[in-house]
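An overview of the molecular structure
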Amino acid sequence: MAVFVALGAFVMTLVGGWTAGRVTDRRHLVLGLAGGLMLGVVGLDLLPEALEAAGGPVFGVPAALLLAVAGFLFAHVVERLLALRQAAHGGEEHGGRVPEVGMTAAAAMVGHSVMDGVAIGAAFQVGGGMGAAVALAVIAHDFADGFNTYTITKLYGNARRRAVAMLFADAVAPVVGAASTLLFTIPEQLLGGYLGFFGGALLYLAAAEILPEAHHDHPARSTLLCTVAGAGFIWLVVGLAE
């Protein structure tokens, strides 16, 4: 049952990526929406789940928040190291953005989608009602995952075929994750730690890269409204899933 439900996430991810690819003539709006979706996913979905699952505090600070800061710093360090390497080999490309950063970020999105599938499978092991609630949340926000995976891969100058390949991998990932729960389960504390770390990395990409790029050439109210709408959409999804 979990694998069958995960096919809904597969479809929604592809729909999200297709939507991002069709509105390239309104790039600033796409980036504004993607940034809002990312902020919503991190602040309203990933971090609350991580705080519940990652265990107690470490030296007075919740482990999930420490890992979120670690993820933020990790994304920053990786981007700076790749940018320095690119500069040492003939200068920067795509406005200072390195394609490898986009691929790394997209790969992290794929890893997160695998965990989404694991969450579906684990919830169905608890019971049908719990499984249905988790599946609803995952399927709804996988539209945002597909949208963000395609957008961030293209933002860093990767070819369209790479963006499509990462989108397809992100779509398949929940099905793989759900199927894996037929064989084993992941400890809750480890899952919570991963969500915190991944949330921090996404927060960096949204705040330091995607949103500044969205408002750089088009500091319009419409772009800001798209950002607010993206965060509001995730709030609605989370609220409906409760």
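To be clear, the structure that these remarks concern was listed above.
Owing to the predicted nature of the structure, the values given are computational and were not obtained by experimental measurement.

With that out of the way, let us pick up the overall build of the protein chain. When helices and strands are counted, the protein chain shows eight helices and two strands. Going from N to C terminus, the protein chain has its helices and strands arranged as α-α-β-β-α-α-α-α-α-α. In the protein chain, buried positions account for 45% of the 242 residues. Partitioning the contacts of the protein chain with sequence separation of at least 6, the portion at a separation of at least 24 is 82%. Within the structure as shown, the protein chain displays about 11,600 Å² of accessible surface, and the carbon and sulfur contribution to it stands at 70%.

What follows is about unusual backbone geometry. Even without a glycine there, the phi angle at F59 is positive, about 55°. Looking at where F59 falls in the secondary structure, it is placed in the loop between β1 (57–58) and β2 (61–62). Judged by relative accessible area, which is 87%, F59 ranks as exposed.

So, on to the nonpolar core. L46, I152, L202, L205 and I210 are the most contacted members of the largest nonpolar core, which totals 38 residues. Once residues lying within four places of it in the same chain are set aside, the contact partners of I210 are L31, A34, G35, M38, I152, L155 and L205. Residues A2, A9, V175 and A178 belong to the second largest nonpolar core, which totals nine residues.

All right, on to helix α1 (residues 2–22) then. In this model, α1 (21 residues) spans 31 Å end to end at C-alpha, consistent with the 30 Å of a helix rising 1.5 Å per residue. Taken residue by residue, α1 has A2, V5, A6, A9, T13, G16, G17 and A20 as its buried positions. Buried residues along α1 cover an arc of 130° about the axis, so they all sit on one side. Of the exposed residues in α1, those oriented more than 90 degrees away from the buried face are F4, W18 and R22.

It is the contact of helix α2 (residues 27–53) with helix α7 (residues 188–216), at a shortest axis distance of 8 Å, that shows an interaxial angle of 155°. The orientation of α2 relative to α7 falls into the category roughly antiparallel. As α2 packs across α7, the resulting crossing turns out to be left-handed.

Conventions adopted
- Residues numbered from 1 in each chain as written.
- Predicted model: local features only at pLDDT ≥ 70, side-chain atom pairs only at ≥ 80, totals over all residues.
- Heavy atoms only, no water.
- Helix = DSSP H or I, 4+ residues; strand = E, 2+ residues; numbered from the N terminus.
- Buried < 20%, exposed > 50% of the residue type's maximum accessible area, 1.4 Å probe, protein only.
- Contact = heavy atoms within 4.5 Å.
- Areas by Shrake-Rupley, 256 points an atom, 1.4 Å probe, with all protein chains shown as cover.
- Core = buried A, V, L, I, M, F, W, Y, C linked by side-chain atoms within 4.5 Å.
- Expected span 1.5 Å × (residues − 1).
- Arc of directions from axis to C-beta.
- Axes fitted to C-alpha atoms, helices over the stretch in contact; angles between N-to-C directions.
- Parallel < 35°, antiparallel > 145°, perpendicular 65-115°, else oblique.
- Left-handed = near helix turned anticlockwise from the far one by under 90°.

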